[in-house]
Amino acid sequence: MKRFLSFVKKEFLHIIRDYRTLLILFGMPVAQILIFGFAITNEIRDVKIAILDLAKDDVTLELSNKILSSGYFVSYENLKSTNDIEPAFQKGIIKEVIVFEPGFGRNLEKEKRANLQLIADASDPNLANMMIGYTTSIVENYQAGLSEDKVLPARIIPEIKMLYNPNLKSVYMFVPGLMSVILLLVSALMTSISITREKEIGTMEVLLVSPLNPFQIIVGKVIPYLLLSLINTAVVLLLSKFVFKVPINGSLVLLACISILFLITALSLGILISTLSNNQQTAMMISLAALMLPTIILSGYIFPIDNMPLLLRILSNIIPSKWFIIIAKGIMLKGVNFSYIWFETCILILMTLIFLLISIKKFKIRLE
Amino acid sequence: MKKIFIFLRKEFIQIFRNKAMMPIIFGIPILQLLILSNAATYEIRNIRFNFIDFDNSSFSRELISKFTSSDYFILNEVSYSIRESEESFKRNEARLIIYIPKDFEKNYRKDGKSEIQFIINAEDGSAAGVVNNYAGNILRQFNSDILVKSTVIPENTALINVYFSNWFNPELNYKTYMVPGILVLLVTIIGSFLSGMNVVREKEIGTIEQLNVTPVSKYHFIIGKLLPFWIIGMFELAFGLVLSIIVFKIPMLGSPLLIFMLASVYLVVILGMGLFISTLANTQQQAMFIAWFIMILFILLGGVFTPTESMPDWAQFIAFFNPVAQFIKAMRMIMLKGSGLKDILPVFYFFAIYGMIMMSLAVWRYRKSE
């Protein structure tokens, strides 16, 4: 036991001595959660549009002012003819063109009908949908204002209640996801590099001939990183709670336990990667190039999983982050207790065991 | 000149000698392009919903049937209390609860208006917005259907007809938008990581000293280190473009030549950045962490997944200096909108200056003698 403890101490010294890495280790998750909590959003704001006003009368002026004062859109330029529309889009700055037909106000007054055309740059379909939805509802509001004095026709009015996230804040969705991405990547990366590093520099040999058995070596390597990651988790949770006001409706203890479990999963994945690769370069490429995008895209962090093609939905099951995100969102936003998340928890435990089992099988006590 | 060629050959041999790197450099990016492009969609279909019908009238059943017959909604379960129904939210089985109160039909017949409740699982804010939108559309349709049956619209109501058209991607296909973006990401990740680790590796193993005592000059050294990755990057981009056109049927309205021209400068920026990081760090671990931090920053602020337009001003300012964001935007402009040289030129100059700065920094930081 004493031997083991001094090995852990040696590992700690290794980490602490390299202050640059230490700085990055602690600084990065904080910087990232701050930047992304504030910057990533799916809402629209100040989208640049162009207006092609072929009527130029009071009504079109009033309506364009209404659209531009909504906060969703800002006018970038006024176009002169329909021929200008395509070149304007090709410059890549404006995202929507609003076209008022000639004699718009006159038509509205005399014939009670006027045509308004919206052209959206749909190369981003999500943005296009939102822009058209927002513009249409502004126009509808304006129109309702015109006929305010008239009796409203009979109708069914929906009352909308947004559960768990009443203001539809993107942060609620992103914080649990960001937490898992940072923790998974940092932990897996750190362990895989630290072990392959010993292999590459040649000090692994020294460790292997020491009286410690391979199991102790691996555990000793992981413990310091486990502690570091725990501090990281705590910092991320505190930030999300106090800076972004993401509620923790469920039990904090449960969340902490699950986070530790997830950390162990991530660390064992790191060990697995390190047993599979011979040098740091390979280990890093696997943990970064192969883990980064799938973890961001397939974990449900940004894109809802239930809309993906069947094959990808099946594939998403092997991404550890997916399960952690489900659990974290459940506890934080919905306040569920363990009976709702036991299945996801079991999967994380199972994954950890599999990773460790393969690592033990693959771990070579001898050098080639 | 000959020195450079020999140096280049050494670099290529070194890259390809590592058997594990080959599938990582070529296999993983292509596989990811093919797989992830299918996953990156905000479109929501098959929204599972519960309904609670306390009215149980023909009118309420008619409304529910509008939902069940729509392509977007699938009935999850019929429940008899809100609390019971919310259990489905907690188990992630439903996204929407439609609550129809008692006297729903009676109120409508009496007052001409009636209320129902949509309870939406909003943990995913943007998805909740979409669900709300779809549900609202169905209700609006239902409203106007019953209106046509019962009353006539007053003749003198002024109406603005809103027509809309979606240009450049009329079918609102997400792949058209995502594939060029993901392709750029992959090329960037591979390029920056490879170049970021290269020089540090020589430092860490100790072979840098051998290189330092050779007659290779600083500039030759940097060029020799960069060129192999530049070639790999261009090759990957070309291969990815062919795949996106053949497999994903992404339109190529502009000139492919323009893309390659731009990419050739872009890669200098990315590789130069990688090299610079490489000269800053002492160990591969440090280099990797810095590269990783910058990449995540570039990727998530790059406008691939979330529009840069809606970010706060300071984030947009950072996004402006983000070469990934600029290149993704330019790729989409060329491929989807057919933008020409004239529209792309500012980005081109931007990359040229950026690349020059990065290279100068790398050359400046790299010292042959410590």
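This structure is a prediction, so every number in the text was calculated from the model and none was measured.

A. Up close: the state of the cysteines. All names here are of chain A. Inspection of the entire model under this criterion finds 0 disulfides over all chains. No disulfide involves C257; its nearest neighbouring cysteine sulfur is the one of C346, lying 14 Å away. On the basis of relative accessible area, C346 is assigned to the partly exposed category, the value being 42%.

B. The side chain of E11 of chain A, seen in detail. Residues and elements named next belong to chain A. With respect to the element layout, E11 can be found in helix α1 (residues 2-17). Given the relative accessible area of 2%, E11 is considered buried. Side-chain polar atoms of E11 contact the side chain of K221, separated by 2.8 Å. Every residue in contact with E11, bar those within four places of it in the chain, is listed here: E198, G220, K221 and P224.

C. Expanded view of the interface of chain A and chain B. In this complex, chain A contributes 111 residues to the contact, which on the side of chain B involves 115 residues. Contact between chain A and chain B buries roughly 10800 Å² in total, counting both sides, with carbon and sulfur atoms accounting for 64%. If you sort the residues of chain A by the area they bury against chain B, I156, Q281 and M285 of chain A come out on top, with a joint share of 7%. As a salt-bridge pair, K337 of chain B and D121 of chain A come within 2.6 Å of each other at their nearest N and O atoms.

D. Geometry of the packing of helix α7 (residues 170-201) of chain A against helix α10 (residues 252-276) of chain A. Residues and elements named next belong to chain A. Running from amino to carboxyl end, α7 crosses α10 at an angle of 35°, the nearest separation of the two axes being 7 Å. Once α7 is placed against α10, the crossing between them reads as right-handed. Residue-level contacts link S180, L183, L184, S187, A188, T191, S192, I195, T196 and K199 of α7 to F262, L263, A266, L267, L269, G270, I271, I273, S274 and T275 of α10.

E. Representation of the pairing of strand β1 (residues 47-53) of chain A in the model. Residues and elements named next belong to chain A. Of all 7 residues making up β1, 6 are buried, and the element is well covered by its neighbours. Pairing between β1 and strand β2 (residues 73-79): 6 bridges, direction parallel. Bridged to A50 within β2 is E77. Taking the sense of rotation as the criterion, the β-α-β connection linking β1, helix α3 (residues 58-68) and β2 turns out right-handed. Bridge analysis of β1 against strand β3 (residues 96-100) gives 5 bridges, and the strand direction is parallel. What sits directly across from A50, in β3, is V97.

F. Inspection of the packing of aromatic side chains at higher detail. Going through the model one piece at a time under the given rule, you end up with 29 aromatic pairs over all chains. Relative to Y134 of chain B, the ring of Y72 of chain B has its centre 4.2 Å away and its plane inclined at 25°; by these criteria the two rings are stacked. Note that Y72 of chain B is positioned in the loop between α3 (58-68) and β2 (73-78) and Y134 of chain B in helix α6 (residues 125-150), a separation of 62 residues in sequence. Taking the relative accessible area as the measure of exposure, Y72 of chain B reaches 28% and is therefore partly exposed. The class of Y134 of chain B is buried, set by a relative accessible area of 18%. When the ring of Y266 of chain B is compared with that of F351 of chain B, the centres are 5.3 Å apart and the planes differ by 50°; the resulting orientation is tilted. Of the two residues, Y266 of chain B is situated in helix α10 (residues 256-280) and F351 of chain B in helix α14 (residues 341-365); the sequence distance between them amounts to 85 residues. For the pair shown, Y266 of chain B and F351 of chain B are each scored as buried. An aromatic cluster of three or more residues is present, and its members are Y266, F317, F320, F321, F327, F350, F351 and Y354 of chain B. Here K322 of chain A stacks its cationic end above the ring of W323 of chain A, 4.7 Å away from the centre of that ring. Of note, R109 of chain B hangs over the ring of F59 of chain B, and the distance from its end group to the ring centre comes to 5.1 Å.

Conventions used here
Residues numbered from 1 in each chain as written. Chains lettered and ligands numbered in written order. Predicted model: local features only at pLDDT ≥ 70, side-chain atom pairs only at ≥ 80, totals over all residues. Heavy atoms only, no water. Disulfide = S-S within 2.5 Å. Buried < 20%, exposed > 50% of the residue type's maximum accessible area, 1.4 Å probe, protein only. Helix = DSSP H or I, 4+ residues; strand = E, 2+ residues; numbered from the N terminus. Polar contact = N/O pair within 3.5 Å; in protein donor to acceptor, adjacent residues only side chain to side chain. Contact = heavy atoms within 4.5 Å. Buried area = accessible area lost by both parts, 1.4 Å probe. Salt bridge = Lys/Arg side-chain N within 4 Å of Asp/Glu carboxyl O. Axes fitted to C-alpha atoms, helices over the stretch in contact; angles between N-to-C directions. Left-handed = near helix turned anticlockwise from the far one by under 90°. Pairing = 2+ DSSP bridges. Right-handed = clockwise from strand over helix to strand, strands pointing away. Phe/Tyr/Trp six-rings, centres within 6.5 Å; stacked < 30°, edge-to-face > 60°. Lys NZ or Arg CZ within 6 Å of the ring centre and 35° of its normal.

No statement about biological role is implied by the geometric values presented.
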